[in-house]
Amino acid sequence: MPATQMKELLKHELGDLLYAEQLILKMLGTLTREVNNPEMKARVEEHAAETEEQIERLKRAFEAIGEKAKAEKCDAAVGLKAEHDSFKKEEKPSKPVLEAFDLGSSLRVEHYEIAGYRTAIAIAQVMGENEVVSLLNETLREEEAMASFIERNAVKALKLLAEQMEPRDVEFTPDEGGSQSKAKGGTAAKSASKSGTAAKSRTTAEKSSGAGKSGGTAAKKAPASRAKAKS
Ligand SMILES: [Fe+2]
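Per an unreviewed UniProt entry, the chain is named Ferritin-like metal-binding protein YciE, and its organism is Longimicrobium terrae.

Shown next, in the form of C-alpha cells:
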C-alpha cells in the first residue's frame, strides 16, 4: 500500500531506526572484541548498554503513535556493517590497524544514527507527537555524546595504535612532505623525541635488523610497555 501520510513516514523512520539499532548492537559486540584500548573499550561497552535502552525507546515510540513495533530493513546500516566486514576480509588488517579502522567505523555509525534521529524528531515535531519527540531526543543526546567521545579521543588512540604498527606505517610525516626512510634518520629521531611514535618504529626496525644495541637516544626513549604492544 502506498505511503501517503506523515504518520506512515514516521512509522517508516522508526522501523528503519529499530532495524539499524538492532544491527548496530551486534556491531558493538564485535567492536568490544576488536578494541583493546581500555578507555575506548569501556565506552563501547557502555554504549552497547545504551543501545539496548534505545531499542526499548523506539518500541515505546511505536506504542505512542498506536502502532506495533516493526523493524524495517535499513540498507544504510547494512552497508555500514558490510564496509567494516569487507575491510577485514580484503585488507586482512593487523590488530592495531583494525582497531584504528574501527574508530572511523564507529564514528560513521554514530553520525548515521544522529541523522536518523534528527530526521524522525523533526517529523514527530511536525505531527505534534511530543512523547515520540521526547523519547527520541533522549537517544539523540546519547548518540551525540558517543560521537563526541570518539572525536575527542581519536587522535590520542590513533597515536597509541601507530606505536604498535609496522615501522613503515608510522614513519609517515605529512608535515615534512612524505614518508621517511631510515636514511633520513636524523629527522626521524627528532620527531621521535617530540612524539615518541617514531621512537617505537626505530626500536622495532632495529630489533628486526638485529641492530638494537646501537639504537641511540630515540630507541632508549621508547618505554618498555610499547615494546610489549608489538608482540
Ligand atoms: Fe549509537
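So much for the structure itself; the text now carries on.
Counting its regular elements, the chain contains ten helices and zero strands. Reading the chain from its N end, one meets helices and strands in the order α-α-α-α-α-α-α-α-α-α. Pairs at least 24 residues apart make up 68% of the contacts formed inside the chain by residues separated by at least 6 positions.

Our next topic: helix H5 (residues 130-162). Helix length check: H5 (33 residues) gives 47 Å between terminal C-alpha atoms against 48 Å at 1.5 Å per residue, within 8%. A maximum bend of about 50 degrees is found in H5 at Ala154. When H5 is considered as a whole, its buried residues turn out to be Val132, Val133, Leu135, Leu136, Thr139, Glu143, Met146, Ile150, Leu160, Leu161 and Ala162.

In this section: the environment of Leu140. Residue placement: Leu140 occurs in helix H5. Residue class for Leu140 comes out partly exposed when judged on the 19 C-beta atoms lying within 10 Å of it. C-alpha of Leu140 to C-alpha of Glu113: the two residues are 27 residues apart in sequence and 8.0 Å apart in space.

This part is about the UniProt feature "coiled-coil region" (unreviewed entry) in the chain. Listed under "coiled-coil region" (unreviewed entry) in the UniProt record, and renumbered for this structure, are residues 41-68. Annotated as residues 41-68, this span is 86% helix and 0% strand, and its ends, taken at the C-alpha atoms, are 35 Å apart.

Its location among the elements puts Leu10 in helix H1 (residues 6-34). For Leu10, a count of 22 C-beta atoms within 10 Å corresponds to the buried category. When the C-alpha positions of Leu10 and Val132 are compared, they lie 9.9 Å apart, and in sequence the two are 122 residues distant. Not counting residues within four places of it along the chain, the set of residues in contact with Leu10 comprises Ile65, Ala120, Ile123, Ala124 and Met127.

Attention shifts here to the packing of helix H2 (residues 38-64) against H5. The contact between H2 and H5 brings their axes to 9 Å, and the two run at 165 degrees. Relative to H5, H2 is oriented roughly antiparallel. For the pair H2 and H5, the sense of crossing is left-handed. Each of Glu39, Met40, Arg43, His47, Glu50, Gln54, Arg57, Arg60, Ala61 and Ala64 in H2 lies in contact with H5, whose residues at this interface are Glu131, Val132, Leu135, Leu136, Glu138, Thr139, Glu142, Met146, Phe149, Asn153 and Ala157. By residue class, the composition of the contact of H2 with H5 is nine nonpolar, four polar and eight charged.

What follows concerns the environment of Gln164. On the secondary structure map, Gln164 appears in the loop between H5 and helix H6 (167-170). Sequence separation of Gln164 and Ser94 is 70 residues, and the distance between their C-alpha atoms is 9.6 Å.

Ranked by internal contacts, the top residues of the largest apolar core, which has 28 residues, are Leu14, Leu17, Ala120, Ala124 and Leu136. Listing elements by their share of this core, those giving two or more residues are H1, H2, helix H3 (75-91), helix H4 (95-127) and H5. Here this core takes ten residues from H1, the largest share from any one element. If sequence neighbours within four positions are ignored, Leu14 has contacts with Leu58, Ala61, Phe62 and Ala120. Core analysis: the next-biggest nonpolar cluster, separate from the first, contains eight residues, Leu103, Met146, Leu160 and Met165 among them.

The rules behind the values
- Residues numbered from 1 in each chain as written.
- Predicted model: local features only at pLDDT ≥ 70, side-chain atom pairs only at ≥ 80, totals over all residues.
- Helix = DSSP H or I, 4+ residues; strand = E, 2+ residues; numbered from the N terminus.
- Contact = placed C-beta atoms within 7 Å.
- Expected span 1.5 Å × (residues − 1).
- Bend = angle between axes of the 7 residues up to and from the residue.
- Buried ≥ 20, exposed ≤ 12 C-beta atoms within 10 Å, placed from the backbone.
- UniProt positions renumbered as here; feature names shortened; annotations may be inferred.
- Axes fitted to C-alpha atoms, helices over the stretch in contact; angles between N-to-C directions.
- Parallel < 35°, antiparallel > 145°, perpendicular 65-115°, else oblique.
- Left-handed = near helix turned anticlockwise from the far one by under 90°.
- Nonpolar A, V, L, I, M, F, W, Y, C, P; charged D, E, K, R; others polar.
- Core = buried A, V, L, I, M, F, W, Y, C linked by C-beta atoms within 7 Å.

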